[in-house]
Amino acid sequence: MSNQHQLLTTLLRDVSRSFYLTLRVLPEAVRTQISIAYLLARTSDTIADTDLLPAEKRLEALGRFWARIEGESGTIDLGELAGKQSLRAERVLLSRIEETLSLLATLDPSDQSQIRDVLRTIIAGQSADVRRFGTATDKIIALQSDAELQEYTFQVAGCVGEFWTRMCRAHVFPNAPIDDPLQLVDGRRFGQGLQLINILRDLPRDLRAGRCYLPQDRLGAIGLKPEDLLLPENAPRLRPLFDEYLRLAESHLQAGWEYTNRIPSSHCRTRLACAWPALIGLKTITLLETKNPIDPRIRLKVSRTYLWGIVFATLVWYPAPPLWRKLFAVR
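Below you will find a few notes about this structure. All residue numbers refer to position in the chain's written sequence, counted from 1. Only residues with pLDDT of 70 or above have their local features reported here, since the model is predicted, and side-chain atom pairs are shown and tallied only from 80 upward, although totals for entire chains, interfaces and linings are computed over all residues. For the side-chain quantities, the full set of heavy atoms in the structure was used; hydrogens and water were omitted.

Working definition: helices are DSSP H or I runs of at least four residues, strands are E runs of at least two. Numbering for both runs from the N terminus. Scanning the chain from terminus to terminus reveals 16 helices and two strands. Across its three principal axes, the chain shows a C-alpha extent of roughly 55 × 55 × 35 Å. The buried label goes to any residue with under 20% of its type's maximum accessible area, the exposed label to any with over 50%, and the partly exposed label to all in between, with areas taken from a 1.4 Å probe on protein chains only. Scored against the burial criterion, the 331 residues of the chain give a buried share of 52%. For the chain, the share of sequence-separated contacts (at least 6 apart) that also reach a separation of at least 24 residues comes to 73%. Counting only carbon and sulfur atoms, one obtains 54% of the accessible surface of the chain, whose full area is about 15,300 Å². Here a residue-residue contact requires only that any non-hydrogen atoms of the pair lie within 4.5 Å. In short, Shrake-Rupley with a 1.4 Å probe defines the accessible areas, and a residue's cover is counted only from the protein chains shown.

In structure tokens:
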């Protein structure tokens, strides 16, 4: 097995978890480009999330990583960061960073440019996150407003929806009659919705790491401070605001489902690659509606059985548009 093939199969599977299935179903015309972009974004995310290192060291590593992405000569050694990873897959990801960077250079210049554009936005968002939360100790630091939350979800996920849209448009269905401006807007919303679901699902864990993505001004309006969310018994007071964000995430996913159905039906692989995250996200919202959202003992995860059920249902119902569309049922 070549190094390139191993990076884009075994390592990609190990670090992308359930998203690997989505990447593998993509048509060959865009699979390699989007997989490389994912590996690079996952690398920068691992750097940013290494809380065992001081914020300034993580920011320095992100800066060096970005310089290499832009084409600066030399090599980057993330051995210290790799040694801080508890997961073997992330240690391997960081130790093989130069191999991943070399994959970028194998692509068409226009694809390299698109990947650099999206990574510029992602790394800017990750760096801002390190600056914002990097000094968190025993105090929880919160976003200040919905505007900050919207900016963050765009930087780390909404821009990915735009990138995905442009790549598929260029390589999969360049001549299809699609409303491109609308598709870009809904692609952005799709990514933001998936990220917002992650934020709501991971709320208890983030709070104990000193991070609160629920805006402080919105919490203050209902008489709560970020520290109050450490107490599971405060869930009833948080619930109306939490549900408001669930509805926002759901509306973004609805836009993502409409985005999916604008893709020409002859491009089954591309549709499936969009449908699966949307349906998994919707199921996650359903689970979040019924659980205490700030109880750290509760770990919400869509079961593997449900995941494969989604795969089966989308394949079986794909030839029947009325049944296919009912797969995404907004309450």
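After that view, the rundown keeps rolling.
Moving on to a nonpolar patch on the surface. Together, Phe312, Val316, Trp317 and Leu323 make up a nonpolar patch on the protein surface, roughly 380 Å² of accessible area in all. Mapped onto the elements of the fold, leucine 323 is located in helix H16 (residues 321–326). Each patch is built from salt-bridge-free residues with over 30% relative accessible area, joining like charges within 9 Å and nonpolar side chains (Val, Leu, Ile, Met, Phe, Trp, Tyr) within 5 Å. The term salt bridge refers to a pairing of a side-chain nitrogen on Lys or Arg with a carboxyl oxygen on Asp or Glu at a separation within 4 Å.

All right, on to the layout of surface pockets then. Unoccupied space between atoms shows up once a probe the size of one water molecule is rolled over them. Cavity: a set of points on a 1 Å grid over the protein atoms alone where a 1.4 Å probe fits but cannot get out. Pocket: an open set with protein on both sides within 12 Å along at least five of seven lines, its lining residues, like those of a cavity, having an atom within 4 Å of a point. Grid points are joined across faces, edges and corners, and a volume is the space filled by probe spheres set on the points. For the second largest pocket, the calculated volume is near 150 Å³. Lining of the second largest pocket is provided by Asp146, Leu149, Gln150, Thr153, Gln192, Leu196, Tyr245, Leu248 and His252. Looking at which element gives the most residues to the lining of the second largest pocket, the answer is helix H9 (residues 146–171), with four residues. In this classification, Asp, Glu, Lys and Arg are treated as charged, Ala, Val, Leu, Ile, Met, Phe, Trp, Tyr, Cys and Pro as nonpolar, and every other residue, Gly included, as polar. When its residues are assigned to classes, the lining of the second largest pocket shows four nonpolar, four polar and one charged.

For the rest of this paragraph, the subject is the environment of isoleucine 69. Its location among the elements puts isoleucine 69 in helix H4 (residues 55–69). Relative accessible area serves as the criterion here: at 1%, isoleucine 69 is assigned to the buried category. Filtering out sequence-adjacent residues up to four positions away, isoleucine 69 remains in contact with Leu101, Leu104, Arg116, Leu119 and Ile123.

Under the definition given, this model contains one cavity of 30 Å³ or more. Around the largest cavity, the lining residues are Arg201, Pro204, Leu288, Lys291, Asn292, Pro293, Asp295, Ile298 and Leu300. Within the lining of the largest cavity, the residues separate by chemical class into five nonpolar, one polar and three charged.

Now for the pattern of salt bridges. Per the stated rule, a full pass over the model turns up 22 salt bridges. Note that aspartate 186 is salt-bridged to arginine 262, the shortest N-O span being 2.7 Å. Of the two residues, aspartate 186 sits in helix H10 (residues 180–201) while arginine 262 sits in helix H13 (residues 235–262), which places them 76 residues apart along the sequence. Between aspartate 295 and arginine 297 there is a salt bridge, with its nearest N and O atoms 2.8 Å apart. Judged by relative accessible area, arginine 297 falls into the exposed class, the value being 72%.

Spacing of three or four residues puts side chains on the same side of an α-helix, whose turn is 3.6 residues. Here, expected helix span is obtained from the residue count minus one, scaled by 1.5 Å. Taking 1.5 Å of rise per residue, the 15 residues of H4 would be expected to cover 21 Å, and the 21 Å separating its terminal C-alpha atoms lies within 8% of that figure. Every buried residue belonging to H4 is among Ala55, Arg58, Ala61, Leu62, Phe65, Trp66, Ala67, Arg68 and Ile69, and all of these are buried. Summarising the contacts, the buried residues of H4 are in contact with helix H3 (28–48), helix H5 (79–83), helix H7 (97–104) and helix H8 (109–133). Taken from the residues just after H4, glycine 71 is the one with a positive phi, measuring 110°.

Side-chain atoms within 4.5 Å are what join buried Ala, Val, Leu, Ile, Met, Phe, Trp, Tyr and Cys residues into a set we call a nonpolar core. By size, the foremost hydrophobic cluster in this structure holds 104 residues, and its most contacted members are Phe65, Leu119, Leu214, Leu229 and Leu238. Here this core takes eleven residues from helix H14 (residues 268–290), the largest share from any one element. For leucine 238, the residues in contact, after removing those within four places along its chain, are Leu203, Leu214, Leu219, Ile222, Leu224, Leu229, Pro293 and Ile294.

Turning next to the environment of arginine 166. Counting through the fold element by element, arginine 166 comes out in helix H9. Using a relative accessible area of 38% as the deciding quantity, one classes arginine 166 as partly exposed. Arginine 166 sits 68 residues away from glutamate 98 along the chain, and the two C-alpha atoms are 26 Å apart. Not counting the four nearest positions on each side in its chain, arginine 166 is found in contact with Gln114 and Leu184.

In this analysis an axis means a line fitted to C-alpha atoms, helices contributing only their contacting stretch, and an angle means the value between N-to-C directions, from 0 to 180 degrees. Close contact between H3 and H7 brings their axes to 10 Å; oriented N to C, the two are set at 145°. Relative to H7, the crossing made by H3 is left-handed. Contact residues: Ile36, Leu39, Leu40 and Thr43 in H3; Ile97, Thr100, Leu101, Leu103 and Leu104 in H7. Residue composition of the contact of H3 with H7, by class: seven nonpolar, two polar and no charged. Should the near helix be turned counterclockwise from the far one by less than a right angle, the crossing is left-handed, whereas a clockwise turn marks it as right-handed.

This part covers the packing of aromatic side chains. Pairing of aromatic side chains requires ring centres within 6.5 Å, counting the rings of Phe and Tyr and the six-membered ring of Trp. Pairs whose planes differ by under 30 degrees are stacked, by over 60 edge-to-face, and all others tilted. For the structure shown, the criterion picks out seven aromatic pairs. On the basis of an interplanar angle of 25° and a centroid distance of 4.9 Å, the ring pair of tyrosine 152 and tyrosine 213 is categorised as stacked. Highlighted residues: tyrosine 152 in helix H9 and tyrosine 213 in the loop between strand E2 (211–212) and helix H12 (216–221), separated in sequence by 61 residues. On the basis of relative accessibility, which here comes to 10%, the residue tyrosine 152 falls in the buried class. Tyrosine 213 gets classed as buried once you look at its relative accessible area, which sits at 6%. Taking the centre distance of 5.0 Å and the plane angle of 80° together, the rings of tyrosine 318 and tryptophan 324 count as edge-to-face. For tyrosine 318, a relative accessible area of 15% gives the class buried.

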